[in-house]
Amino acid sequence: MIEWLFLLLPLAAASGWWAAKRVGTSRGDAGPRADSAFLRGLNFLLDEQPDKAIDLFVRLAEVDEETTEVQLALGSLFRRRGEVDRAIHIHQGLISRPDLGREERGYALFELGQDYMRAGLFDRAENIFDELVEMKLHRERALEKLREIYQQEKDWARCLEIAGRLRRLTGEPMGTESAQYHCELAEEALKRGQGAAAVTQLHQARAADPACVRATILQARMAMDEGDSRRAAVLYGRVVRQGPQFLPEILPELVAAYRRSHVADELGELRRLYRIHPSPRLVTMLAERIQEKEGDEAAIAFLVEHVTGRADLVALERLLALRASKPADAARTQAVLRATRAVIEHLGAHQPDYRCGHCGFVARRLHWQCPSCGHWKSIEPIQPAAIDNRTPALPSDPTVRAA
Ligand SMILES: [Zn+2]
């Protein structure tokens, strides 16, 4: 839907210079007719009727081959419809015109570059966007496209170079992106066994973005590989401060670092981390440790307290599994049931009751016409999904959840 609106941006610019041209030069009697037809074409696009717009622009182009903006609109429409060859043909035709002005040439080149990208002809697209940067036309957009190409090609060194040029051109810091490119280069260096090069890249990553959690994780992993588990534990601690939401990602490594550096109170450390970021993975691990060290009842008490505050289905499943393995105890059973009901009530209250079969829109009540896509009778009550009973009980390995 929205993509047609993006199409209007270059068109608006295009009709801008058309209007300017029409003031300066006489276009004979084809002008006003073509003008209103062009606006009709735009209206078809706004009404999401691209096929009608294409028909109209094709007829316009036959009447008036000179009209650059009609050709641009047509080429762009063809590309968006997946007819890249036709788009390329039109845009190549445009830029081969000797009378084409500098501005118009810039638009046509930018469109052609996008055609080549869409066709996977990255070398050609790269040449075009380089040319635009050289011509100082659409410089920022062309640099963004070059960055896109180099990202697809995983040419991180060139991504860094483009990020630098964008920074100088726009004043945007580009720190997050640059740090990620340095991390990519560090990972490549590590794969080649070039530790020193990786260290340099990671330093540069942190210089570009001091909050780059990926760089810290990589530094911690390198310290672990070098056998420096004490330094690794310190670095993992920094990860927790920089981005506690990434804690589940590093949890097994972090615990391994604690173990190897002989952290005395591992359970206490896990409890401290739990207070910072109680992710399902950490809760599962912590419940296991509590069960090992303090017994089943302590683990059950911990899980009851946890699910009382959070609708965490993984933890609830752990709790029910632990409870099922124990002989019944009235008070404990009541506590578990209360906690279970609280989780289910919370999830039930936030669950949509109706879904549109056409666009996926979810609703809390029945609409006969979908408010999102406008279809009639496409919204129906949601039926609970069938549970696959062959699924084995959840294993205690937290990594299985990611599979
Ligand atoms: Zn819908």
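Going by the structure above, here's the rest.
Reading the values: rules and limits
- Residues numbered from 1 in each chain as written.
- Predicted model: local features only at pLDDT ≥ 70, side-chain atom pairs only at ≥ 80, totals over all residues.
- Heavy atoms only, no water.
- Helix = DSSP H or I, 4+ residues; strand = E, 2+ residues; numbered from the N terminus.
- Contact = heavy atoms within 4.5 Å.
- Areas by Shrake-Rupley, 256 points an atom, 1.4 Å probe, with all protein chains shown as cover.
- Phe/Tyr/Trp six-rings, centres within 6.5 Å; stacked < 30°, edge-to-face > 60°.
- Buried < 20%, exposed > 50% of the residue type's maximum accessible area, 1.4 Å probe, protein only.
- Lys NZ or Arg CZ within 6 Å of the ring centre and 35° of its normal.
- Donors = N, O, S within 2.8 Å, 3.2 Å for Na, K, Ca; no water.
- Tetrahedral: all angles 85-135°; square planar, octahedral: opposite > 155°, others 65-115°.
- Disulfide = S-S within 2.5 Å.
- Core = buried A, V, L, I, M, F, W, Y, C linked by side-chain atoms within 4.5 Å.
- Domains from an automatic or database assignment.
- Pairing = 2+ DSSP bridges.
- Expected span 1.5 Å × (residues − 1).
- Arc of directions from axis to C-beta.

Q: An account of the overall build of the chain is needed here, citing residue identities and associated values.
A: When helices and strands are counted, the chain shows 19 helices and three strands. In the chain, 48% of the contacts between residues at least 6 apart in sequence involve partners at least 24 apart. For the chain, the exposed surface amounts to about 22,600 Å²; the carbon and sulfur share of it is 52%.

Q: Report on the packing of aromatic side chains, specifying residues and quantitative values.
A: Applying the stated rule across the entire model yields three aromatic pairs. Between Tyr274 and Phe302, the aromatic rings sit 5.2 Å apart at their centres with planes inclined by 65 degrees, giving edge-to-face as the arrangement. Taken together, the positions of Tyr274 in helix 15 (residues 266-276) and Phe302 in helix 17 (residues 296-309) put the pair 28 residues apart, joining distant regions of the chain. Judged by relative accessible area, which is 17%, Tyr274 ranks as buried. Just above the ring of Phe110 sits the side chain of Arg141; from NZ or CZ to the centre is 3.9 Å.

Q: Can you tell me about the coordination of the zinc ion, naming the residues and giving the values?
A: A four-donor tetrahedral metal ideally has 109.5 degree angles, and a six-donor octahedral metal ideally has angles of 90 or 180 degrees. Around the zinc ion, the donor atoms from the protein are Cys356 (SG), Cys359 (SG), Cys370 (SG) and Cys373 (SG), and they sit 2.3 to 2.4 Å away. Angles of 107 to 112 degrees at the metal separate the four donor atoms of the zinc ion, which places the site in the tetrahedral class. Linear spacing of the donor residues for the zinc ion on their chain is C-x2-C-x10-C-x2-C. Taken together, the positions of Cys356 in strand 1 (residues 354-356) and Cys373 in the loop between strand 2 (362-363) and strand 3 (379-381) put the pair 17 residues apart, joining distant regions of the chain. For Cys373, a relative accessible area of 28% translates into the label partly exposed.

Q: Describe the state of the cysteines, with residues and values.
A: Under the criterion given, the structure shown has zero disulfides. Cys212 takes part in no disulfide bond, and the closest cysteine sulfur to it belongs to Cys183, at a distance of 3.8 Å.

Q: Please provide a residue-by-residue account of the nonpolar core, values included.
A: Soluble, globular proteins show a tendency: their nonpolar side chains are buried together. Core analysis: the biggest nonpolar cluster contains 42 residues, and Tyr236, Leu247, Leu254, Leu273, Phe302, Leu303 and Leu319 have the highest contact counts within it. If you tally residues by element for this core, the top one is helix 14 (residues 247-260), at seven residues. Counting contributing residues, this core receives three or more from each of domain 1 (173-263) and domain 2 (278-350). The residues touching Leu247, leaving out its near neighbours within four places in the chain, are Val240, Leu254, Leu273, His277 and Leu282. Core analysis: the next-biggest nonpolar cluster, separate from the first, contains 34 residues, Phe129, Leu143, Ile149 and Tyr150 among them.

Q: Quick rundown of the sheet that holds strand 2? Include the residues and the values.
A: Strand order across the open sheet formed by three strands is 2-1-3, with antiparallel pairing between neighbours. Since the sheet does not close on itself, it has two edges, and those belong to strand 2 and strand 3, each with one partner. Looking at chain direction, strand 1 and strand 3 are connected through three bridges and run antiparallel. When the sheet's bridge partners are listed, Tyr354 is paired in strand 3 with Pro381.

Q: Explain helix 13 (residues 229-242) residue by residue, including any values.
A: The end-to-end C-alpha separation of helix 13 is 20 Å, in line with the 20 Å expected for 14 residues at 1.5 Å each. Looking only at helix 13, the buried set comprises Ser229, Ala232, Ala233, Leu235, Tyr236, Val239 and Val240. The buried residues of helix 13 all sit within an arc of 165 degrees when viewed along its axis, so they share a single face. Counted as exposed and oriented over 90 degrees from the buried face of helix 13: Arg230, Val234 and Arg241. Structurally, helix 13 contributes buried residues whose contacts are with helix 12 (213-225), helix 14 and helix 15.

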